[in-house]
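An overview of the molecular structure
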Amino acid sequence: MPRALVNGRILTPAGIVDGQAVLLEGGRIAGLVTARDIPARAERHDLAGGLLVPGYIDTQVNGGGGVLFNDAPTVEAIAAIGAAHRRFGTTGFLPTLISDDLSVVDQAMRAVEAAIAQGVPGVLGVHIEGPFLSPKRKGIHDEDKFRVIDEDAIALLASLKVGKTLVTLAPERTTPDMIARLAKAGVIVAAGHTNARYETMRQALDQGLTGVTHLFNAMSPLTSREPGVVGAMLENQTAWAGIIVDGRHVDPVTLKIALRARPLDRFMLVTDAMPTVGMADKRFTLQGRQIVVRDGVCVDDQGTLAGSDLDMAAAVRNAMAMLGLSLDEAVRMASATPAAFLGLEGQRGRIAPGFAADLCLLDDTLNVVTTWIDGVAG
């Protein structure tokens, strides 16, 4: 039976529209129609004047709901993490594994395949963040887990049977040929935790690297005589850049400057979320280290950043308040842009006919009221 979402304001690619209903059928958006054109057999859902936006897509979710993906690379863990973030508008996500042994990477990838097969809501693939990273920009990652990409790693990273695989690596720790091979195999390659020089990053971009993981954080900076990874990305106009907008990972002024240097639709909001999201207890253990949330960010006892306590609804609000973005711009950075980065621009991230019915209902303060994933409310 089709369903009609009525009595709401709808954020479409053309802007906010009133007086229309969104028809859902078979897990997809069947159309936008006026009230008189709603099929008689359609079940109606009253949005009570709320704002309906595309569901948020988060490509970097380490944990949530008290669960860390590295600790439990299982279907059950993925479901728990997804449920925790769904409360904050995330309808599509990549469970993210930080640097670990290849045996754990294998477990994580197989768990994601099983989660998709079992219909766990919102799972779009997997993000393997390391262990192919630079010790000089390791951040909170365990340097003992680091390794270079070899033939076994290439085969593993290209082995996901369903969904998208995103791999974050340090370009200087591999070769342009290895990057090209991963890209040719369908792996989405991003730079992160990297001390690469500008020329190395440019080569990586030329060979199929299409993004950076948390721009500015854990990468060689832009300086007067060495542009670094940051300079290469600010110069580049086509690759995608994930940004953590919590006011702590990157100063808002720095992000404002970056937004002026490149097309806005090449920036996407990410959370880099840890298990504390959705939890009252703001402490957890990461590979033997105690992590606590202080002033909204996760840190170890040395003050090293260890992911975030950020959710996507807060990231959207922060993008508006801290960066001066419009609602449309902020939501696009949380939906259509990450969808495009994942190669899903024709399927997700917009309220338009034929797209997946992944939706988020917001109140006047932009807090989440209800979400739909593939047309199912939850």
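Overview of the structure. (Residues numbered from 1 in each chain as written. Predicted model: local features only at pLDDT ≥ 70, side-chain atom pairs only at ≥ 80, totals over all residues. Heavy atoms only, no water.)

1. A few points about the sheet that holds strand S11 (residues 90–98)
Pairing within the open sheet is parallel, and its 8 strands lie in the order S8-S11-S12-S13-S14-S15-S16-S17. This sheet does not close on itself; its edge strands, each paired only once, are strand S8 (56–61) and strand S17 (267–269). As defined by bridge partners, strand S16 (residues 240–243) adjoins S17 across 3 bridges and the pair is classed as parallel. Paired with Ile243 across the bridge in S17 is Leu269. Helix-sheet contacts for helix H2 (residues 102–117) involve S11, strand S12 (125–129) and strand S13 (164–169), and the interaxial angle to S12 is about 165 degrees. (Pairing = 2+ DSSP bridges. Helix = DSSP H or I, 4+ residues; strand = E, 2+ residues; numbered from the N terminus. Contact = heavy atoms within 4.5 Å. Axes fitted to C-alpha atoms, helices over the stretch in contact; angles between N-to-C directions.)

2. Considerations on the sheet that holds strand S22 (residues 359–362)
What links the strands of a sheet is backbone hydrogen bonding, and the strands pair in either a parallel or an antiparallel sense. With mixed pairing, the 6 strands of this open sheet are ordered in space as S3-S2-S7-S22-S23-S24. Strands with a single pairing partner mark the edges of an open sheet, and in this sheet they are strand S3 (15–17) and strand S24 (376–377). As paired strands, strand S23 (residues 368–373) and S24 are joined by 2 bridges and run antiparallel to one another. In the sheet register, Trp372 faces S24, and the bridge partner there is Ala377.

3. Things to note about the pairing of strand S2 (residues 9–12)
Two strands pair when backbone bridges link them, and S2 and strand S7 (residues 51–54) are joined in this way by 2 bridges, in the parallel orientation. Its bridge partner lying in S7, Arg9 is registered against Leu51. In terms of strand pairing, S2 meets S3 through 3 bridges, oriented antiparallel. Bridge assignment links Leu11 to a residue of S3, and that residue is Ile16. Connecting S2 to the next strand, S3, in antiparallel fashion are 2 residues.

4. Notes on helix H7 (residues 252–261)
Those residues of H7 that fall on the buried side of the exposure criterion are Pro252, Leu255, Ala258 and Leu259. For H7, the arc enclosing every buried residue in end-on projection is 115 degrees, short of the 170-degree limit, so these residues lie on one face. For H7, exposure combined with an orientation more than 90 degrees from the buried face picks out Val253, Ile257 and Arg260. Packed against the buried residues of H7 are helix H6 (228–235), S16, S17 and helix H8 (312–323). Regarding H7, its N-cap is Asp251, as a side-chain oxygen of that residue lies 2.8 Å from the backbone nitrogen of Val253 further along. (Buried < 20%, exposed > 50% of the residue type's maximum accessible area, 1.4 Å probe, protein only. Arc of directions from axis to C-beta. Polar contact = N/O pair within 3.5 Å; in protein donor to acceptor, adjacent residues only side chain to side chain.)

5. Section: the pattern of salt bridges
Scanning all chains against the criterion turns up 18 salt bridges. Residues Arg41 and Glu25 are paired through a salt bridge, measuring 3.7 Å at the closest nitrogen-oxygen approach. Linking Arg41 in the loop between strand S5 (28–34) and strand S6 (43–46) with Glu25 in strand S4 (residues 20–25), this pair joins segments that are 16 residues apart in sequence. Relative accessible area serves as the criterion here: at 55%, Arg41 is assigned to the exposed category. The closest approach of N and O atoms between Asp100 and Lys145, which form a salt bridge, is 3.8 Å. One end of the pair, Asp100, is in the loop between S11 and H2; the other, Lys145, is in the loop between S12 and helix H3 (151–157), with 45 residues separating them in the sequence. Overall, the relative accessible area of 9% leaves Asp100 in the buried class. With relative accessibility at 23%, the residue Lys145 sits in the partly exposed group. Each of Asp100, Asp101 and Lys145 takes part in one network of salt bridges that share partners. (Salt bridge = Lys/Arg side-chain N within 4 Å of Asp/Glu carboxyl O.)

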